[in-house]
Structures are given as structure tokens and as C-alpha cells.
Amino acid sequence: MSDFVEQCRGEWKRLGVPDPLAEEMAADLASDLSEAEAEGVSAEEFLGSSVFDPSSFAASWAAARGIVPVPPSRGNARRRPFVLVAFTALAAITVIVSALLLATGEPKLSLATSRTTPAGPTRSVVHSVSAAAPVEWILLLLAVVALGFAAWLWASSSRSRPPTAPA
Amino acid sequence: MQCMVSESRRSQLLRGVLDLCLLAVMDEGPAYGYEMTKRLRERGLSIVGEGSIYPLLGRLERDGLVETYRAASNGGPPRKYYRPSSAGRLALALGVSEWRAARDAVDAVLAPVKVEVAS
């Protein structure tokens, strides 16, 4: 059982748990496990499935005490890349589409105006060849900002990924 | 298969009230981690399964629902004892009330169900 406590200790060290707190938790755990063993209670009966995953056990205990940040749940960790991929794809498609619209823009609207002058009413028809352009520019701008945000999310996501445990 | 489903349901049911159970057993008298599991086991609650009581005790401590102190156990090394704080006692009272309301509502739904166990 000391193996289990030692693996927990190693995980706390890796997570940056201050030594006095890690020692306190390790001592409590070791005492409880010894007492359980003396009473014929197996570690599995006492700790449940945690006994097979000391790293997760140690991390969740430290996180519950507020010593280290809460590890992301597996469900969230799995879901996040899909959401990020979808967001990035949407932003990229919007950039491409708005750029194409700007490049090959045709008049989307025709504006007709009329006004009255002292000499009499005159009517003029104004065709705006770039009536839709402001909308496309705004779309392009938003899409570029979204793409930049997605890039930042990818970068911070790869930074916060925990290092792979040695085999 | 049936046994696994049953275990999973039991585990899920317990997960929501395990903090209350811990507060209740330490309200009987200060206790350290393993001592609490013994008190629970004596009442037929052999807990854990999904984890252990330590993260839960850690959360109760972080939330200020328990107070802790170190003292020597019966001839053994000093142990960390837990007891409910005043906020913990209040949380226990509220939690028990919620649990009873939920239990009664579920009972009302499940009571008419006739359970037949095939021999």
C-alpha cells in the first residue's frame, strides 16, 4: 500500500502541491490504509476504484481542497475540440465567402431617389454598385476577428494540456 | 449485467447524499477519514465505488462546512479529525429536509409498483 501513497505523493509533487499539505494528506492516507489493512479491509473496499488510479485520486483530492485547479472532466475535454473545430471552420468559411462576395460583387440593391427643386420636381435614379459592400466588409471583419479568436483558443488549449505521464 | 446496473444506480443515488451522510456521522462525534467509513459501514453503507471520501472531505473543508484538528488516535499516530462547523450543521439540516422531501416524492411514485421476484 505504501506504493499507492508514494504514487499519490509523486502526483502532488507534479501538480505543485506545497510539501506540508502533501505530507499531511500522505500521512492521513497512510494511517487510514494501515488501520483498514489491520482490520482486514482491503484497499479496494476502502478506496473503491480509486485504488487503481492513484494519479486521478490524488489530483481530485487536491482539487477538492482547492490546492490545485479542478481537472477538466473527461466529457468536457472530449467535447471541446469538436466545438473548437466547428467554430474555426465556420469562421474560415465566412472569411472565404465574404472575400469572394467582395471580389466578385454585383449590385445587390438599386436605390431610387427623387427630390423636389425650386425649378420643379426632378427625379434621379441612382444605381449603387456597392450597396451590399458594407455588409460584406463587416462580415469579413467579424470573421477575421473570429478566426483570430479561434487561433488564440487553439494556442491556449495546447498550452494548458497536461504533460503525458511517463510510461 | 443486472448486478452492474444495480451497482451503478446505487452509486449514483449515493453520490448526491454522501456529503450529508458524512456530515451526519461526524455530527455524532469528531472522526477521522477511516473512522467515518466504519460508521457508515455499520449502518449498511459500504460506500465509495466511484472514488473515496477524501475528495468529498476536502470539498467540505474548502467550503467551510467542517472544522478540523489533529489529535492522537487510540495509541496510533496523530489523525486529522473532522466535525461539522455551524455552517455545516445548517447545511446538514437543510440537506436532510431536502432528502426527505425527495424521498417521499419518489416513494409516492414507486409505492404502487408491485415487485415480483422470479424464483
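For the structure, check the block above.
Bear in mind that the values here come from a model prediction, so they are computed numbers and not experimental data.

*Asks:* Go over the overall build of chain A with me, naming the residues and quoting the values.
*Replies:* Along chain A, the regular secondary structure elements total six helices and two strands. When its helices and strands are written in sequence order, chain A yields α-α-α-α-α-β-β-α. A separation threshold of at least 6 residues defines the contact pool for chain A, and within that pool the share at least 24 residues apart is 61%.

*Asks:* Residues and numbers for the packing of helix H4 (residues 54-64) of chain A against helix H4 (residues 53-62) of chain B, please.
*Replies:* At a minimum axis separation of 7 Å, H4 of chain A and H4 of chain B run at an interaxial angle of 15°. Here H4 of chain A lies roughly parallel to H4 of chain B, going by the angle between them. By crossing handedness, the relation of H4 of chain A to H4 of chain B is classed as right-handed. Each of Ser60, Trp61 and Ala64 of chain A in H4 of chain A lies in contact with H4 of chain B, whose residues at this interface are Tyr54, Pro55, Gly58, Arg59 and Arg62 of chain B. A per-class count over the contact of H4 of chain A with H4 of chain B returns four nonpolar, two polar and two charged.

*Asks:* Tell me about helix H5 (residues 86-110) of chain B, and name the residues and values.
*Replies:* Residues and elements named next belong to chain B. Here H5 spans 36 Å end to end across 25 residues, near enough to the 36 Å set by a 1.5 Å rise per residue. All of the buried residues in H5 are Gly88, Ala91 and Leu92. On its buried side, H5 packs onto helix H2 (18-27), H4, strand E1 (66-72) and strand E2 (78-84).

*Asks:* Summarise the packing of helix H1 (residues 2-15) of chain A against helix H2 (residues 19-38) of chain A; cite the residues concerned and give the values.
*Replies:* All names here are of chain A. The contact between H1 and H2 brings their axes to 10 Å, and the two run at 160°. Here H2 runs roughly antiparallel to H1, going by the angle between their axes. Where H1 crosses over H2, the two elements pack in a sense that is right-handed. For the pair H1 and H2, the contacting residues are Val5, Cys8, Arg9, Trp12 and Lys13 in the first and Ala22, Met25, Ala26, Leu29 and Ala30 in the second. Tallied by class, residues from the contact of H1 with H2 come to eight nonpolar, no polar and two charged.

*Asks:* For the nonpolar core, give the residues involved together with the corresponding values.
*Replies:* In terms of nonpolar packing, the biggest core is built from 36 residues, with Trp12, Ala58 and Trp61 of chain A together with Leu22, Met26 and Leu57 of chain B touching the most fellow members. If you list the elements that add at least two residues to this core, you get H1, H2, helix H3 (43-47) and H4 of chain A together with H2, helix H3 (33-42), H4 and H5 of chain B. Per-element tally for this core: the top contributor is H4 of chain A, with six residues. Excluding anything up to four places from it in sequence, Trp61 of chain A contacts Met25 of chain A together with Tyr54, Pro55 and Gly58 of chain B.

*Asks:* With reference to specific residues and values, describe the interface of chain B and chain A.
*Replies:* Interfaces are often described in size by the accessible area the parts lose on coming together. With 18 residues of chain B at the contact, the number on the chain A side is 16 residues. Looking at the side of chain B that touches chain A, the elements that each hand over two or more residues are H3, H4 and E2 of chain B. The element contributing the most residues to the side of chain B that touches chain A is H4 of chain B, with six residues. Partitioned by chemical class, the residues of the side of chain B that touches chain A number five nonpolar, seven polar and six charged.

*Asks:* Break down the environment of Ile67 of chain A for me, with residues and values.
*Replies:* Residue and element names in this part refer to chain A. Structurally, Ile67 can be placed in the loop between H4 and helix H5 (74-103). Ile67 sits in the partly exposed class, given 18 other C-beta atoms within 10 Å. For Ile67, the residues in contact, after removing those within four places along its chain, are Val17, Leu21 and Ala62.

*Asks:* Quick one: what's the story with the pairing of E1 of chain B, residue by residue and with numbers?
*Replies:* All names here are of chain B. The pairing of E1 with E2 spans seven bridges and is classified as antiparallel. Paired with Arg70 across the two strands is Lys80, which belongs to E2. Linking E1 back to E2 in an antiparallel pair, the connection comprises five residues, with Gly75 at a positive phi of about 75°.

*Asks:* Describe H3 of chain B, with residues and values.
*Replies:* All names here are of chain B. What H3 keeps buried is the set Gly33, Tyr34, Met36, Thr37 and Leu40. Along the axis of H3, the buried residues cluster in a sector spanning 155°; they form a single face. Note on H3: the residue one or two positions beyond its end, Gly44, has a positive phi of about 90°.

*Asks:* Which residues make up the environment of Glu23 of chain A, and what values go with them?
*Replies:* Residue and element names in this part refer to chain A. Examined against the element boundaries, Glu23 turns out to sit in helix H2. According to the C-beta neighbour criterion, Glu23 is partly exposed, with 13 such atoms within 10 Å. Placed eleven residues apart in sequence, Glu23 and Trp12 show a C-alpha to C-alpha distance of 9.6 Å.

*Asks:* With reference to specific residues and values, describe the environment of Leu84 of chain A.
*Replies:* Residues and elements named next belong to chain A. Tracing the backbone through its elements, the reader meets Leu84 in helix H5. Classification of Leu84 as partly exposed rests on a count of 14 C-beta atoms within 10 Å. In the structure, Leu84 is positioned 66 residues away from Ala150 in sequence and 7.1 Å away in space, judged by C-alpha atoms.

Conventions adopted
- Residues numbered from 1 in each chain as written.
- Chains lettered and ligands numbered in written order.
- Predicted model: local features only at pLDDT ≥ 70, side-chain atom pairs only at ≥ 80, totals over all residues.
- Helix = DSSP H or I, 4+ residues; strand = E, 2+ residues; numbered from the N terminus.
- Contact = placed C-beta atoms within 7 Å.
- Axes fitted to C-alpha atoms, helices over the stretch in contact; angles between N-to-C directions.
- Parallel < 35°, antiparallel > 145°, perpendicular 65-115°, else oblique.
- Left-handed = near helix turned anticlockwise from the far one by under 90°.
- Nonpolar A, V, L, I, M, F, W, Y, C, P; charged D, E, K, R; others polar.
- Expected span 1.5 Å × (residues − 1).
- Buried ≥ 20, exposed ≤ 12 C-beta atoms within 10 Å, placed from the backbone.
- Core = buried A, V, L, I, M, F, W, Y, C linked by C-beta atoms within 7 Å.
- Pairing = 2+ DSSP bridges.
- Arc of directions from axis to C-beta.

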